[in-house]
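Notes for the structure review
The lines below spell out each chain.
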Amino acid sequence: MRLQDKVAIVTGAANGLGLEAAITFVREGAKVALVDFDSSGAERANELKNQGADVEFFQVNVADRESVDSMVQQVMDRFGKIDILINNAGITRDGMLTKLSSEDFQRVLDVNITGVFNCTQAVVPHMLANGKGKIVNTSSVSGVYGNVGQTNYAASKAAVVGMTKTWAKELGRKGINVNAVVPGFIETNMVATVPEKVIEQIKAMIPLHRLGKPSDIANAYLFLSSDESDYVNGTSLHVDGGIMM
Ligand code: CAA
Ligand code: NAI
């Protein structure tokens, strides 16, 4: 039990990497607030509750500051503290630069940058009061190396690395570790939108010659949320099969 009695907020927890993280954290003894704007998260939370987990679902758009503040207060009322924040919610709106609309550019920044800022700024006062905390942000190889068709998304995920390092410097001396996970291409709904011929091109670039699994990322979130990573701060942990070296 690597997260015994810890309280974690996981955003984007109704699907994909966030759901896998919630399941993994429960297995390791954590109480989990599953946050998502997709209402199917309520069913996922009920399934976990039926297995004896102490979890709650909150339907929230992370880009909406008022909803985030309200959610964080409700988590405090329900669980009494917040030890871990996994800023996992994110979206893509892919398009070549010449075709990308301003709306799709801005929408991705609103969720992937402002959403991470909103959740972190709302949670940090509670971690400061506690004298400790773990924050894990989700970047992407697209933000580090760039990716065809992802001007908006790459910009947002590079920003996540910048925010991570800034917060690691601001908050480290207050007992709060802030790190980023940098996933490569992982089998979730997000990657399912990529044309098959592009997936084949991508696989050819990965030394392991396959996509990653959600558990590969959940295990990285787990390490960076547990006491085992107490001296890890401001790092970007690549979990990408070695796609770019
Ligand atoms: N890598 C390399 N080449 C790519 C590419 C990629 N990711 N995406 C597109 N291309 C190539 C295409 O193969 C095509 O090449 P040819 O002209 O030689 O045929 C060219 O770029 C133009 O592509 P399309 O014909 O598909 O152009 P389109 O305007 O119809 O669509 C697109 C553009 C929406 C960007 C579409 O190509 C697409 O969805 N590409 C995938 C983008 C991608 O990789 N998204 C990652 C989503 S998963 C994710 O984001 C998770 C993460 O963090 C990594
Ligand atoms: P997914 O699309 O399967 O799940 C994302 C979840 O976030 C969904 O449940 C969605 O409803 C939720 N969400 C989206 N916008 C939200 C908002 N404004 N407020 C609340 N919830 C919101 O995607 P996946 O693959 O699980 O992605 C999780 C994170 O990992 C994202 O930040 C993504 O950018 C990142 N990532 C994913 C990679 C992959 O290959 N799957 C690679 C690199 C990074």
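The sections below set out a description of the structure shown in this document.

About the cut-offs
Residues numbered from 1 in each chain as written. Chains lettered and ligands numbered in written order. Predicted model: local features only at pLDDT ≥ 70, side-chain atom pairs only at ≥ 80, totals over all residues. Heavy atoms only, no water. Near = heavy atom within 4 Å. Polar contact = N/O pair within 3.5 Å; in protein donor to acceptor, adjacent residues only side chain to side chain. Helix = DSSP H or I, 4+ residues; strand = E, 2+ residues; numbered from the N terminus. Expected span 1.5 Å × (residues − 1). Buried < 20%, exposed > 50% of the residue type's maximum accessible area, 1.4 Å probe, protein only. Arc of directions from axis to C-beta. Contact = heavy atoms within 4.5 Å. Areas by Shrake-Rupley, 256 points an atom, 1.4 Å probe, with all protein chains shown as cover. Nonpolar A, V, L, I, M, F, W, Y, C, P; charged D, E, K, R; others polar. Pairing = 2+ DSSP bridges. Right-handed = clockwise from strand over helix to strand, strands pointing away.

Attention now moves to the site of ligand 1. With respect to spatial proximity, 20 residues lie near ligand 1, and among them Asp94, Lys99, Ser140, Gln150 and Tyr153 are the closest. Between ligand 1 and glutamine 150, the relevant distance is 2.8 Å, taken from an oxygen atom to a side-chain nitrogen or oxygen of the residue. Take glutamine 201: an N or O atom from its side chain is 3.3 Å from an oxygen atom of ligand 1. Going through the elements one at a time, α7 (189-192) and α8 (196-205) are the ones with two or more residues in the shell around ligand 1.

All right, on to helix α3 (residues 65-79) then. Compared with the 21 Å implied by 1.5 Å per residue over 15 residues, the 21 Å span of α3 between its first and last C-alpha is a close match. Along α3, the residues that are buried comprise Val68, Met71, Val72, Val75, Met76 and Phe79. Looking down the long axis of α3, one finds its buried residues gathered within 140° of arc, a one-sided arrangement. When the buried face of α3 is taken as reference, the exposed residues oriented beyond 90 degrees from it are Glu66 and Asp77. Turning to α3, the residues buried within the fold contact β1 (7-11), β2 (31-36), β3 (55-59) and α4 (102-130). Directly beyond the C-terminal end of α3, a positive phi value near 85° is found at glycine 80.

What follows covers the site of ligand 2. For ligand 2, the set of nearby residues contains 29 residues, the closest of which are Asp36, Asn88, Tyr153, Ile186 and Thr188. At 3.4 Å from a nitrogen atom of ligand 2 is found a main-chain nitrogen or oxygen belonging to valine 60. Protein chains shield 95% of the accessible area of ligand 2, which is 830 Å² for the free molecule. A per-class count over the shell around ligand 2 returns 14 nonpolar, twelve polar and three charged.

Let us look at helix α1 (residues 16-27). With twelve residues, α1 should cover 16 Å at 1.5 Å per step; its first-to-last C-alpha distance of 17 Å lies within 8% of that length. Here α1 has its buried residues at Leu17, Gly18, Leu19, Ala21, Ala22, Thr24 and Phe25. Buried residues belonging to α1 abut β1, β2, α2 (41-50), β4 (84-87) and α9 (214-225). Trailing α1 by a residue or two, glycine 29 shows a phi angle of about 100°, which is positive.

With that settled, consider the environment of valine 10. Mapped onto the fold, valine 10 is located in strand β1. When the C-alpha atoms of valine 10 and glutamine 74 are compared, they prove to be 14 Å apart, with 64 residues separating the residues in sequence. With residues near it in sequence (within four places) discarded, valine 10 still touches Gly18, Ala21, Phe25, Val32, Ala33, Leu34, Val35 and Ile86.

Another aspect to go through is the pairing of β3. Direction of pairing for β2 relative to β3: parallel, over a ladder of five bridges. Considered in β3, the bridge of leucine 34 is made with phenylalanine 57. For the crossover that starts at β2, traverses α2 and ends in the parallel β3, the hand is right-handed.

None of this, on its own, says anything about what the molecule does.
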